[in-house]
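Listed below are the residues making up each chain.
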Amino acid sequence: MEHAHHVEHPDMYDEESSKIGMWLFIFTELLLFGGLFIVYSIYRYLNPEAFHLAGEELNRTIGTINTVILLISSMTIAMSTTALRKGHKKVAIALVVVSFVIGFAFLVNKYFEWGVKFSHGIWPGSEQMLAEMSQGEILFFGLYFVMTGLHALHIIIGMIIMLFTIRGLAIGKVTIKRPSMLDNCGLYWHLVDLIWIFLFPLFYLIH
Amino acid sequence: MSEEKHQHVVPYRVYVIILIALLILTFSSVGITSIELGEYTVAAALIFAVIKSFLVLTYFMHLKYDKLYIRVMVGFVFALFLVVIIITFLDYLFRT
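Note that the coordinates shown come from a computational prediction; the quantities given were computed from them, not determined experimentally.

Caption draft 1: The arrangement of the overall build of chain B in detail. Within chain B, the regular secondary structure consists of three helices and zero strands. Its helices and strands in sequence order give chain B the pattern α-α-α, from N to C terminus. The C-alpha radius of gyration computed for chain B amounts to 18 Å, which surpasses the reference 12 Å derived for 96 residues by more than 25%, pointing to a less compact arrangement than a globule. Buried positions account for 34% of the 96 residues belonging to chain B. The long-range fraction of contacts in chain B, counting pairs at least 24 apart against all pairs at least 6 apart in sequence, stands at 58%. Entry remark: accessible area of chain B is about 6200 Å², with carbon and sulfur atoms responsible for 73%. Here chain B contributes 7 positively and 6 negatively charged side chains, and the mean placements of these two sets differ by 10 Å.

Caption draft 2: The arrangement of the packing of aromatic side chains in detail. For the coordinates displayed, the defined rule picks out 21 aromatic pairs over all chains. Ring centres 6.2 Å apart and planes at 65° place the aromatic pair F37 of chain A and F198 of chain A in the edge-to-face group. Of this pair, F37 of chain A sits in helix α1 (residues 15-46) while F198 of chain A is found in helix α7 (residues 180-205), placing the two residues 161 residues apart along the sequence. Note on F198 of chain A: relative accessible area 19%, which makes it buried. Clustering of aromatic rings is evident, with ring pairs tying together Y40, F51, W114, F118, W123, F140, F141, Y144, F145 and F203 of chain A. If you follow R95 of chain B out to its NZ or CZ, it ends over the ring of Y92 of chain B, 4.3 Å from the centre.

Caption draft 3: Spotlight on the domain arrangement of chain B. Residues and elements named next belong to chain B. Segmenting chain B into domains produces domain 1 (1-65) and domain 2 (66-96). Contacts between domain 1 and domain 2 engage six residues on the former and six residues on the latter. Summed over both partners, the interface of domain 1 with domain 2 buries about 450 Å², with 59% contributed by carbon and sulfur atoms. For the pair domain 1 and domain 2, the number of links is zero salt bridges. Applying the counting criterion to the domain 1 and domain 2 interface returns three residue pairs in polar contact (both at pLDDT 80 or more). Partitioning the side of domain 1 that touches domain 2 into residue classes produces four nonpolar, one polar and one charged.

Caption draft 4: Looking closely at unusual backbone geometry. Here H62 of chain B, not a glycine, exhibits a phi torsion of approximately 75°, which is positive. Here H62 of chain B shows up in the loop between α2 (40-60) and α3 (68-93).

Caption draft 5: View of the packing of helix α1 (residues 12-34) of chain B against α2 of chain B. Residue and element names in this part refer to chain B. Running from N to C, α1 and α2 cross one another at 170°; their axes reach a closest spacing of 10 Å. Here α1 is positioned roughly antiparallel relative to α2, judged by the angle of their axes. Listed contacts from α2 to V14, Y15, I18, L19, A21, L22, L25, T26, S28, S29, I32 and T33 of α1 are T41, A44, A45, F48, I51, K52, L55, V56, Y59 and F60. Grouping the amino acids of the contact of α1 with α2 by side-chain chemistry returns 16 nonpolar, five polar and one charged.

Caption draft 6: Inspection of the interface of chain A and chain B at higher detail. At the interface, 48 residues of chain A touch 45 residues of chain B. Note on chain A versus chain B: buried area summed over both sides is about 4200 Å², and carbon and sulfur give 78% of it. With a closest N to O distance of 2.5 Å, D66 of chain B and K19 of chain A form a salt bridge. Our count for the contact surface shared by chain A and chain B stands at seven residue pairs in polar contact (both at pLDDT 80 or more). If you list the elements that add at least two residues to the side of chain A that touches chain B, you get α1, α3 (60-85) and α7 of chain A. Per-element tally for the side of chain A that touches chain B: the top contributor is α1 of chain A, with 18 residues. Here the residues of the side of chain A that touches chain B are counted per class, giving 31 nonpolar, ten polar and seven charged.

Caption draft 7: View of α7 of chain A. Residue and element names in this part refer to chain A. Counted at 1.5 Å a residue, the expected span for α7 with its 26 residues is 38 Å, and the 36 Å between its end C-alpha atoms agrees. At L199, α7 shows its maximal bend, which comes to roughly 30°, and the proline P201 appears one to four places after that position. Taking burial as the measure, the 26 residues of α7 include 25 buried ones, the bulk of the element.

Caption draft 8: The pattern of salt bridges, seen in detail. On inspection of all chains with the given rule, the structure shows seven salt bridges over all chains. Close ionic contact of K67 of chain B with E16 of chain A constitutes a salt bridge, the shortest N to O distance being 2.7 Å. You can see K67 of chain B sitting in the loop between α2 and α3 and its partner E16 of chain A sitting in helix α1, one on each of two chains. Residue classification places K67 of chain B among the partly exposed residues on the basis of a relative accessible area of 41%.

Caption draft 9: Region of the structure containing the nonpolar core. Residues W23, F141 and F203 of chain A together with M61 of chain B are the most contacted members of the largest nonpolar core, which totals 86 residues. The element contributing the most residues to this core is α7 of chain A, with 18 residues. When residues of this core are sorted by domain, at least three fall in each of domain 1 (1-65) and domain 2 (66-96) of chain B. Aside from chain neighbours lying at most four places away, what touches M61 of chain B is W23, I26, L187, H190, L191 and L194 of chain A together with V56 and D66 of chain B.

Rules behind the numbers
- Residues numbered from 1 in each chain as written.
- Chains lettered and ligands numbered in written order.
- Predicted model: local features only at pLDDT ≥ 70, side-chain atom pairs only at ≥ 80, totals over all residues.
- Heavy atoms only, no water.
- Helix = DSSP H or I, 4+ residues; strand = E, 2+ residues; numbered from the N terminus.
- Rg over C-alpha atoms; globule rule 2.2 N^0.38 Å.
- Buried < 20%, exposed > 50% of the residue type's maximum accessible area, 1.4 Å probe, protein only.
- Contact = heavy atoms within 4.5 Å.
- Areas by Shrake-Rupley, 256 points an atom, 1.4 Å probe, with all protein chains shown as cover.
- Lys, Arg positive; Asp, Glu negative; His and termini not counted.
- Charge placed at Lys NZ, Arg CZ, Asp CG, Glu CD.
- Phe/Tyr/Trp six-rings, centres within 6.5 Å; stacked < 30°, edge-to-face > 60°.
- Lys NZ or Arg CZ within 6 Å of the ring centre and 35° of its normal.
- Domains from an automatic or database assignment.
- Buried area = accessible area lost by both parts, 1.4 Å probe.
- Salt bridge = Lys/Arg side-chain N within 4 Å of Asp/Glu carboxyl O.
- Polar contact = N/O pair within 3.5 Å; in protein donor to acceptor, adjacent residues only side chain to side chain.
- Nonpolar A, V, L, I, M, F, W, Y, C, P; charged D, E, K, R; others polar.
- Axes fitted to C-alpha atoms, helices over the stretch in contact; angles between N-to-C directions.
- Parallel < 35°, antiparallel > 145°, perpendicular 65-115°, else oblique.
- Expected span 1.5 Å × (residues − 1).
- Bend = angle between axes of the 7 residues up to and from the residue.
- Core = buried A, V, L, I, M, F, W, Y, C linked by side-chain atoms within 4.5 Å.

Here you go:
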C-alpha cells in the first residue's frame, strides 16, 4: 500500500482574503438585522399610536448609557489594532480586555433593563401583556425583545471572540505579521456597535 | 506574496476624535428627539444614526483605508437594503 505523503501545509495566510471573508459574513448579519428593521418599520407604520405609547415605557437613560458604553468599546478595540501594528503587544491585549469589560457592562445594564420589564409583567407572551396591551403594543415589545435580545447575543459572541483573540495575542498566534484575528474581532465588534446605533433611536428615542 | 508594509497604521488620535464626534452626535440625537418635532422626529433620529454609522464604517471599520472594491461591496449591500425597504413601503403606501 502506498504510503501516505506527509503534506507540508504551506502557509496560506492572506490578510486580504481574511478581511473579505469577514466582510461577507458581516453582510449576512446586516441583512439579518435589516430584515428585522423592515418588519419594525412596517409594524410601526401600521400601528403608530401603539408604538408611540409602548416606546414611552423604555428607559432613555439606560439606552443612552449603553450607547456611550458601546461606542467607547468600539474605540478601544480599534485602538488595539493600531497598538498591534505599532508593536505594542501588551497595550493591544490591554485594550481588548478593556473592550471585553465594557461589553460585559453593557450586558449588566441590559440585565437590569430587562429585569425591570419582567417585574412589570412584560415579557413575550406574559399574561399581563396579552390581557392589557393592544395588538400594536404587543408587536412593539415582541420586536423589542427579539431585536435587543439578538443584539445581546451578538455581544456575547463578540466577547467570546475577544477571549480567543486575547489568547491568540498572548501566545503569539496573532502578531504584526498575522493581525487578521484581531482585525476581524474588531470588525465584528463594530458591527455590533453599528446595529445598536440604529436600535437605540428606533426603540428608545422615537416616541 | 503581496507587497507588505503598505498597510496604513491609523493613529490613536483619529479614533479619539471619531469617538468624540460619535458621542456628540449621540447626545444631539437624544436632545433633538426630546423636543416635540412631530413627524420629523423619526427623520431627525435616523439622520443622526446614518451619520454615526457612516463614521463607524469609515474609520472604526477601516473602510477609508481599504481598497476600493471593498468599499463598493459595502455600499452595494446598503443600497440593496435601501431598495428592499423602498419597494416594501411602495407596496404598503399604495395599497387600497
